[in-house]
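Each chain, letter by letter, is given below.
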Amino acid sequence: MHESRDNDVTATLCINFIRDQINITTVESSSTYRLNNASFAIDGDFSQVIRRCAHTDVKRDIQEAWLRLDLGEIYSVKTVKFWYRNDRGSNYQNTIRLRGYSIRVSNDTALPPPESSCYSDPGNVTLPTIIEKDCERTASYVWFYQDKGNGHEVPMLEICEVQVVGCETGRYGENCSNTCDHCKNKDHCNITSGSCDIHGCANQNMIPPLCSHCLSGLYGTNCSRHCSQLCKEKRCDISLGTCLSGCEIGYTGTFCNITCPYGRYGDSCQGICNNCLESSTCHHVSGVCASGCNEGYKGEQCNTACTMGEYGRNCENQCGHCHNHEACNRFDGRCRDCETGYQGLRCDNECRSGTYGRNCSETCGACLDGTTCHHIYGHCSLGCRPGWKSTPTCDDPCPPGTFGPNCINKCSGNCLHQATCDKETGKCKACSEGWRNDFCNEKSKELTTDLDKMTLEHLMLDNARISLEMELLKKESQKITIESSFLKIKDEYLRLKMQSEFQIFTSGDPKISISEKKPGQNVNVDNPESSTPSLK
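By convention here, each chain's residues receive numbers from 1 onward along its written sequence. pLDDT decides what is reported in this predicted model: residues at 70 or higher carry local features, side-chain atom pairs at 80 or more are listed and counted, and totals for whole chains, interfaces and linings draw on all residues regardless. Computation of side-chain values: all heavy atoms of the structure, hydrogens and water removed.

### Brief notes about the overall build of the protein chain
Turning to step 1, where the next piece is worked out: The number of helices and strands found in the protein chain is three helices and 29 strands.
Turning to step 2, where the next piece is worked out: The buried label goes to any residue with under 20% of its type's maximum accessible area, the exposed label to any with over 50%, and the partly exposed label to all in between, with areas taken from a 1.4 Å probe on protein chains only. Here the protein chain holds 536 residues, and 35% of them are scored as buried.
Turning to step 3, where the next piece is worked out: In the protein chain, once contacts between residues fewer than 6 apart in sequence are set aside, the share between residues at least 24 apart is 40%.
Turning to step 4, where the next piece is worked out: Note that accessible areas follow from Shrake-Rupley with a 1.4 Å probe, and for residues the cover is restricted to the protein chains shown. As presented, the protein chain carries roughly 32,300 Å² of accessible surface, and 50% of it is formed by carbon and sulfur atoms. Think of it this way: any DSSP run of H or I at least four residues long counts as a helix, any run of E at least two long counts as a strand, and we number them from the N terminus. Residue contacts follow a heavy-atom distance rule, with two residues in contact if any of their heavy atoms lie within 4.5 Å.

### Regarding the side chain of Glu161
Turning to step 1, where the next piece is worked out: If you trace the backbone, Glu161 turns up in strand S7 (residues 158-168).
Turning to step 2, where the next piece is worked out: The term polar contact refers here to a pair of N or O atoms within 3.5 Å; inside protein, the definition further demands a hydrogen-donor-capable atom paired with an acceptor-capable atom, and it admits residues adjacent in sequence only when both atoms are side-chain atoms. There is a polar contact of 3.4 Å between the side chain of Glu161 and the backbone nitrogen of Asp45.
Turning to step 3, where the next piece is worked out: Non-local contacts of Glu161, meaning those with residues more than four positions away in its chain, are made with Phe40, Ala41, Ile42, Asp43, Gly44, Asp45, Phe46, Lys81, Phe82 and Trp83.

### Let's talk about the state of the cysteines
Turning to step 1, where the next piece is worked out: The definition used for a disulfide is geometric: two cysteine sulfur atoms within 2.5 Å. Per the stated rule, a full pass over the model turns up 26 disulfides.
Turning to step 2, where the next piece is worked out: The disulfide partner of Cys180 is Cys189, and the gap between their sulfur atoms is 1.8 Å. Between Cys180 and Cys189, the S-S torsion sits near -60°, and that sign places the bridge as left-handed. Like Cys189, Cys180 is buried.
Turning to step 3, where the next piece is worked out: Between the sulfur of Cys384 and that of Cys394 lies a disulfide, 1.8 Å long from S to S.

### Structural notes on the UniProt feature "domain: EGF-like" (unreviewed entry) in the protein chain
Turning to step 1, where the next piece is worked out: UniProt annotation of "domain: EGF-like" (unreviewed entry) refers to residues 226-257, 268-303, 314-348, 366-408 and 410-441 when read in the numbering used here.
Turning to step 2, where the next piece is worked out: Secondary structure content for residues 268-303 is 0% helix and 11% strand, while the C-alpha to C-alpha distance between its ends is 19 Å. UniProt positions are given in the numbering used here, feature names are shortened, and annotations may be inferred rather than shown by experiment.

### What to know about the pairing of S7
Turning to step 1, where the next piece is worked out: With 10 of 11 residues buried, S7 lies mostly within the body of the structure.
Turning to step 2, where the next piece is worked out: By the bridge criterion, two bridges tie strand S2 (residues 54-55) to S7 in an arrangement that is antiparallel. Paired with Ala54 across the strands is Ile159, a residue of S7.
Turning to step 3, where the next piece is worked out: One bridge is not enough; two strands pair if DSSP finds at least two bridges between them. Of the strand pairs in this sheet, strand S3 (residues 65-84) and S7 are connected by nine bridges, and their pairing is antiparallel. By the bridge assignment for S7, Trp83 is matched with Glu161.

Below is the structure:
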């Protein structure tokens, strides 16, 4: 094997790994036609004339033809390139005998089965005379195999030169400069990409087959450190450990180790905690308000307004009896107006005892035994007191001349001055002449005229008048006594004041004091010596 003239290949086996052992690669064929032995296929001569090509025999009993290259040891093969004869006048004629061939590999000299093929020609197209096929295998032998004849001809091969490109096992990449040490099977990896075989990575913390990245959730040297469990998809920077795809719900920060700030929750902390009780925060992941909801809201996240008929914290209260079944204020439960029979800001109280109706503005009638009436309709459940007709509301008094339950009794008609009797008891205040007892329905034995009764009444009125006048006189007497005492005090005050103001003396000649003044003598204050008798 010799160096390829194709500059795009990774490396040729002979240059990079066989080095100076030029003859280490050998070749054999199933048969030989004349002098066209198998060694022509690796002699470095790229001529495509039949005299410089390996050619298998053409005997009629031949059933198959093969050419086997022995690489000398196991290599990681990348491609197989070969030059076929081209001296028969056209591509069609040149490669007519090649159609249906296959390239196979093995690690021993036994003919490999079809399953070992890295390429099998379908046989239905004209082939070029220079062919290169991918054959990424680990092998010691490369085979060209043909078992299909061309019409009257037996299977045969006419190969002028073969070039196998690859690396020593355990190496890959440009100029085979990289090792497969990252693979558990260090002797083999993909010759181009370095991807490992089914055995996976040498470091179990890395992702096969390339083994160039840490498994999800790991980072750092040898992928030995764990990403934060709160990194989304458990992905983090393989060097720093910072989360690459964001954070799990409810967390933030480059390492996703910080819960959402107060009042926030959810994915990327975009959710806002609304209406949690007394402005408390919600759960940073779910948004649930653990302490409940403010007035007017309900639900785990307190983001649902109370439905009609509810109010208060968590909407746990039922509205009162709002007028026309209107909804109350969902925050404090107030109604704009109340249904008949109810009162209060929330219309949740029945009319107080003794009232009923719209705005509780109606007064109950004369219900029996002092019971209250129905707060809506005003009906008396036990009936009416005596003296009232038996209507539902007991608000219709007995007509004059009747009394008792449902006004079934009639007055005696003997009350004084034709007055009506008491509508409840039937009693009279006084009886007409000739009648007595409370109901005036019993005739008296002693006759009493109306004039006598009138005189008695006048006497009673006079006695009352006299008592009143005596009371007024008593109060007047008390008033006079008080005024007299006041005048005495006032007189004493004036006397003392004058005594203090006019008792003045000159040097060596005491003046006459007011208290020494003789009766009938006037004292001149400015000239006390000048005194004149008073005129009477």
